[in-house]
Amino acid sequence: MADASLPTTALADGDAAHSAVRRAFGMSIGAAVVGVLVLVAVGLVSATSGAAGLPVKGVLGALFDWVPLIGVDSSLSTTQQNILFEIRLPRLVLGMLVGGSLGVAGASYQGVFRNPLADPYLLGVSAGAGFGAVLALGFGLDLSWGPFDTVPAAAFLGALVAVLASMAIARGGGASPATLLLGGVAMAALFSAAQTYAIQQLDETRAREVLSWLFGQLNTTGWKQVGLLLPYVAVCGVVLFVHRRHLDVLRVGDDEARSLGLDPARSRLVVIVAASLLTAAAVSVSGLIAFVGLVVPHIVRLLISHSYRVIVPLSALVGAAFLAFVDIGARTLLAPSELPVGVITAFVGAPFFAIVLWRDRWSTT
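Residues numbered from 1 in each chain as written. Predicted model: local features only at pLDDT ≥ 70, side-chain atom pairs only at ≥ 80, totals over all residues. Heavy atoms only, no water.

Novice: How would you summarise the overall build of the protein if you had to cite specific residues and measurements?
Specialist: When you go through the protein residue by residue, the secondary structure sums to 14 helices and two strands. Expressed as a percentage of its 365 residues, the buried residues of the protein come to 45%. Restricting to contacts in the protein with at least 6 residues of sequence separation, those with at least 24 account for 74%. Counting only carbon and sulfur atoms, one obtains 70% of the accessible surface of the protein, whose full area is about 17,900 Å². (Helix = DSSP H or I, 4+ residues; strand = E, 2+ residues; numbered from the N terminus. Buried < 20%, exposed > 50% of the residue type's maximum accessible area, 1.4 Å probe, protein only. Contact = heavy atoms within 4.5 Å. Areas by Shrake-Rupley, 256 points an atom, 1.4 Å probe, with all protein chains shown as cover.)

Rendered as structure tokens:
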């Protein structure tokens, strides 16, 4: 009788597991739908708010009129349409791309390092990118040739140097995730010191411009910055989306991952490089916007799921909505003046980081 009951028990366990997977999948689909709706709502508020208020009906009409094969009369004047399509929408799209990029990169780092406190800036990417931008902005190298701009290029190059140096340090120390993080901290300290020294050599006007960039901003000149960032978002985003299942496997350890047919070293390298490139590209066009990569994945993890198969794509939606919402506050809280976006994210992220540390401390005692 006991032997006959074993298949029944195994079948029941399998049905329960299958039911749990279906519930998680259904919840993630529902969360994605809600996320898209929230993103659209935040985008509409962002497009209509600001020093020059735009009517919601006129904005919707202009957007539908812009879609091919759909003709809708818009009540917006020519000036209002220029504000919408040349200022508001480029800034909104840039904010969504930067927020989604930092959210996905943060989720990927947390998964690959098996550390919920990991952040895109732990590899020294922000400090390296900041140093590259300081050199370009501060020493008269901010030049443009068509779509090419030296500031994003210099920031991107500095970020790559920092990442490669961190990986070289980790390789010499055994290539463990902890060693890689420590290498990133060392590179961040080194590039921050070089960045501070470079700023001290600038005149007052240049120093003010550089510091404004370092505080984090979403100021745009038309769609140029969006065009610079979009290719990196497309390529790196697809790579991280494809590897999101690998992050769940890496959570159980390298030996178990190998037994399941996964090459941990290769998967970890691909994720780290893609996440670093994505972070560097975002920093190169927006400056240093901290804590998005920490806060956003935690929100998804606490509210939706602990699986990176869900966390990675939803972090893109939540990150986009989060930074677009923060940008509304940056433009309106002290209007007509404007707050740096990075300042607001720091005000939000620092207490959040402290709360996470406090919870982890008490959960382990």
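Continuing now.
Novice: Tell me about the side chain of Ser-305, and please be specific about residues and values.
Specialist: With respect to the helices and strands, Ser-305 occurs in the loop between helix H12 (292-303) and helix H13 (308-332). Given a relative accessible area of 13%, Ser-305 falls into the buried group. Not counting the four nearest positions on each side in its chain, Ser-305 is found in contact with Val-300, Val-310 and Ile-311.

Novice: Provide a residue-level description of the nonpolar core, including the pertinent values.
Specialist: Formed by 72 residues in total, the largest nonpolar core has its most connected members in Val-98, Tyr-109, Phe-113, Trp-213, Leu-229 and Ile-289. If you tally residues by element for this core, the top one is helix H11 (residues 264-286), at ten residues. If we ignore the near neighbours within four places in the chain, the residues touching Val-98 are Leu-218, Leu-229, Ala-282, Val-285, Ser-286, Ile-289 and Leu-323. (Core = buried A, V, L, I, M, F, W, Y, C linked by side-chain atoms within 4.5 Å.)

Novice: Can you tell me about the packing of helix H3 (residues 78-112) against helix H8 (residues 224-242), naming the residues and giving the values?
Specialist: The geometry of H3 relative to H8 is characterised by a closest axis approach of 10 Å and an angle of 30° between their N-to-C directions. In terms of orientation, H3 lies roughly parallel with respect to H8. Judged by the twist between their axes, the crossing of H3 over H8 is left-handed. Touching Pro-90, Val-93, Leu-94, Leu-97, Val-98, Ser-101, Val-104 and Ser-108 of H3 are Gln-225, Val-226, Leu-229, Leu-230, Val-233 and Leu-240, all from H8. When its residues are assigned to classes, the contact of H3 with H8 shows eleven nonpolar, three polar and no charged. (Axes fitted to C-alpha atoms, helices over the stretch in contact; angles between N-to-C directions. Parallel < 35°, antiparallel > 145°, perpendicular 65-115°, else oblique. Left-handed = near helix turned anticlockwise from the far one by under 90°. Nonpolar A, V, L, I, M, F, W, Y, C, P; charged D, E, K, R; others polar.)

Novice: Can you explain a nonpolar patch on the surface? Please cite residues and give values.
Specialist: A cluster of nonpolar side chains, contributed by Val-56, Leu-60, Phe-64, Trp-66, Val-67 and Ile-70, occupies part of the molecular surface with about 560 Å² of accessible area. Mapped onto the elements, Val-67 comes out in the loop between helix H2 (56-66) and H3. (Patch = residues over 30% accessible without salt bridge, like charges linked within 9 Å, V, L, I, M, F, W, Y side chains within 5 Å. Salt bridge = Lys/Arg side-chain N within 4 Å of Asp/Glu carboxyl O.)

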